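Observations on chain architecture
Read off the chains here:
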Amino acid sequence: MVMAQSLLMTLKQRRPGCYLAVLAPGWSLPILERMAEVDEAVALDVGHGEFGWRTRRKVARKLKKRFDRAIVLPRSWKSALVPFLARIPERTGFLGEQRYGLLTERRTLDKAVLDQTVKRFVSLGLPVEEAASGEFAIPSPRLRHDPENLAALRVRLGLSDRPAIGMMPGAEYGPAKQWPLNYFHDLAARLVDRGYAIRVLGGPKDADAGQVICASLEHAHNLCGKTRLADAVDLLADCQQVVTNDSGLMHVAAAVGTRVQAIYGSSTPAYTPPLTDNARIHYLGLDCSPCFQRTCPLGHTNCLKQIGVERLDKAIFTDSA
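As the structure is a prediction and not an experimental result, all values here were calculated from the model.

1. Observations concerning the packing of aromatic side chains
The tally for this structure, following the rule as stated, stands at six aromatic pairs. Relative to Phe67, the ring of Tyr19 has its centre 6.3 Å away and its plane inclined at 35°; by these criteria the two rings are tilted. In this pair, Tyr19 is assigned in the loop between helix H1 (4–14) and strand S1 (21–24) and Phe67 in the loop between helix H3 (53–63) and strand S3 (69–71), connecting sequence segments 48 residues apart. Taking the centre distance of 6.4 Å and the plane angle of 85° together, the rings of Tyr271 and Phe292 count as edge-to-face. One end of the pair, Tyr271, is in the loop between strand S10 (259–263) and strand S11 (279–282); the other, Phe292, is in the loop between S11 and helix H12 (302–305), with 21 residues separating them in the sequence. Look at Tyr271 and you get partly exposed, because its relative accessible area is 29%. For Arg56, the ring lying beneath its charged end belongs to Phe51, and the centroid distance is 5.9 Å.

2. Quick word on the sheet that holds strand S5 (residues 105–107)
Spatially, the three strands line up as an open sheet ordered S3-S4-S5, and their pairing is parallel. Pairing within the sheet leaves two strands with one partner each, and these edge strands are S3 and S5. Looking at each pair of strands side by side, their axes are set apart by 15° on average, direction ignored. In the sheet, S3 pairs with strand S4 (residues 90–94) via three bridges, with the strands oriented parallel. Bridge pairing links Ala70 to Arg91 in S4.

3. Some details on the sheet that holds S10
By definition, the strands of a sheet pair up through backbone hydrogen bonds, in either a parallel or an antiparallel sense. Taken together, six strands build an open sheet; the order of strands is S8-S7-S6-S9-S10-S11 and the sheet is parallel. With partners counted over all chains shown, the strands left at the sheet margins are strand S8 (220–222) and S11, one partner each. The average undirected angle you get between the axes of adjacent strands in this sheet is 15°. Summarising the sheet, S10 and S11 pair through four bridges and their orientation is parallel. Within the sheet, the bridge partner assigned to Val260 lies in S11 and is Ala279.

4. Digging into the environment of Thr108
Its place among the elements puts Thr108 in the loop between S5 and helix H5 (117–123). A relative accessible area of 64% places Thr108 in the exposed class. Expressed as a C-alpha distance, the spacing of Thr108 and Thr276, which sit 168 residues apart in the sequence, is 28 Å. When sequence neighbours within four positions are dropped, the list of residues in contact with Thr108 reads Phe94 and Leu95.

5. Focus on the nonpolar core
As a rule of thumb, soluble globular proteins bury nonpolar side chains together. In terms of nonpolar packing, the biggest core is built from 52 residues, with Leu143, Leu235, Leu236, Val252 and Val260 touching the most fellow members. Listed in part, the 25 residues of the second largest apolar core include Met167, Trp179, Cys214 and Leu217.

6. Digging into a nonpolar patch on the surface
A grouping of Phe51, Trp53 and Trp77 is seen on the molecular surface, where their side chains present a nonpolar patch of about 280 Å² in accessible area. With respect to the helices and strands, Trp77 occurs in the loop between S3 and helix H4 (81–85).

7. A word on the layout of surface pockets
By volume, the second largest pocket is sized at about 160 Å³. If you trace the second largest pocket, you find it lined by Phe94, Arg107, Thr108, Asp110, Val113, Leu114, Ser123, Val128, Ala131 and Ala132. The leading source of residues in the lining of the second largest pocket is helix H6 (residues 128–133), at three residues. Each residue belonging to the lining of the second largest pocket can be placed in one class, and the counts come to six nonpolar, two polar and two charged.

8. Some details on the pairing of strand S6 (residues 164–168)
Most of S6 is tucked away: five of the five residues are buried. Residue alternation in S6 divides its side chains into two sets, Ala164, Gly166 and Met168 and Ile165 and Met167, and both sets are buried. Here S6 runs beside strand S7 (residues 197–200); their pairing, made up of four bridges, is parallel. Among the inter-strand pairings, Gly166 is bridged to a residue of S7, identified as Arg199. Between the parallel pair S6 and S7, the chain is carried across by helix H8 (residues 181–193), and the sense of this crossover is right-handed. Sheet topology places S6 next to strand S9 (residues 241–245); four bridges connect them, and they run parallel. Bridge pairing in S9 places Ile165 opposite Gln241.

9. Quick notes on a positive patch on the surface
On the surface, a cluster of positive charge is made up of Arg54, Arg57, Lys58, Arg61, Lys62, Lys64, Lys65 and Arg87. Following the sequence through the fold, Lys58 ends up in helix H3.

10. A word on the side chain of Arg120
Within the secondary structure, Arg120 is located in helix H5. Despite its burial, Arg120 pairs with no opposite charge; the closest candidate is Asp115, at 7.0 Å N-O. Ignoring anything within four residues of it in the chain, the contact list for Arg120 reads Phe94, Leu109, Lys111, Leu114, Asp115 and Tyr271.

11. A word on H8
For H8, with 13 residues, the first-to-last C-alpha span of 18 Å sits near the 18 Å given by 1.5 Å per residue. Of the surrounding elements, those touching the buried residues of H8 are S6, S7, helix H9 (207–214), S9, H12 and helix H13 (309–320). Once H8 finishes, Gly195 follows within two positions and takes phi at roughly 100°, a positive value.

Thresholds applied
- Residues numbered from 1 in each chain as written.
- Predicted model: local features only at pLDDT ≥ 70, side-chain atom pairs only at ≥ 80, totals over all residues.
- Heavy atoms only, no water.
- Phe/Tyr/Trp six-rings, centres within 6.5 Å; stacked < 30°, edge-to-face > 60°.
- Helix = DSSP H or I, 4+ residues; strand = E, 2+ residues; numbered from the N terminus.
- Buried < 20%, exposed > 50% of the residue type's maximum accessible area, 1.4 Å probe, protein only.
- Lys NZ or Arg CZ within 6 Å of the ring centre and 35° of its normal.
- Pairing = 2+ DSSP bridges.
- Axes fitted to C-alpha atoms, helices over the stretch in contact; angles between N-to-C directions.
- Contact = heavy atoms within 4.5 Å.
- Core = buried A, V, L, I, M, F, W, Y, C linked by side-chain atoms within 4.5 Å.
- Patch = residues over 30% accessible without salt bridge, like charges linked within 9 Å, V, L, I, M, F, W, Y side chains within 5 Å.
- Areas by Shrake-Rupley, 256 points an atom, 1.4 Å probe, with all protein chains shown as cover.
- Salt bridge = Lys/Arg side-chain N within 4 Å of Asp/Glu carboxyl O.
- 1 Å grid on protein atoms, 1.4 Å probe; cavity = no way out; pocket = protein on both sides within 12 Å on 5 of 7 lines; lining within 4 Å.
- Points joined across faces, edges and corners; volume = space filled by probe spheres on them.
- Nonpolar A, V, L, I, M, F, W, Y, C, P; charged D, E, K, R; others polar.
- Right-handed = clockwise from strand over helix to strand, strands pointing away.
- Lys, Arg positive; Asp, Glu negative; His and termini not counted.
- Charge placed at Lys NZ, Arg CZ, Asp CG, Glu CD.
- Expected span 1.5 Å × (residues − 1).

If you want it as structure tokens, here you go:
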């Protein structure tokens, strides 16, 4: 969703005054509300793997006769269904899953030219010839943050007044993208000794990981599952730096301008980099990388284990100077 903001920014720049609505899962609406380019956010609450015919038809009825063009980012058949049912005249997307009747403009995806997710998104808002060249600007996402909400969070969560370092140990894709938890803990201990507070951020599934990282450490706060998505935006904007796996929250941190220490294992920063100049990438590029697997097929996860705590500690110290 954060990467999609680059497309929204491009559309607003090229079509000043255009009205932009974003159809997305309900959980993502708090992120859309922090994007200046979004005029309207429309929830499509259909469960993963669920067809949701009735829900899609209901949403489509609300959109009828209101829009001139739809840009469909996912390549699935289901994702193109609502714009089709809403009878939006122009419907643009990449070829995929036999969507010939659902899209009016079907583009071929050249993965060699459009070699990043964000490039693919932005290209769909450009003329065909320009998009095919791969030579176009990629605006960096920028999320608004709310100082009043941050102040309230500090009180409610009992946060330390120390300068904060954020840690995001989760990666929904799988353990082959997750730096070892004992490494996170050791790094947190070093940073606390240097006068920092630690904020571990993530969803309810990351709560146990947060407990491991914060164990026996003063000024370390396990916030996993205790905050809303909008709260994470404000808490990350308040951090001096963040240490993160290749994850959604990594992109949120980049979009609020916080210094990002991004750790890559089975994935590659060439495909989904943090969209900011304020980031340092930690990636070894081993012979077996990137494998894009959920779990290490070789059983050792050396692409992550060989990125030591000392390396991250030194990077944070250097970037703080």
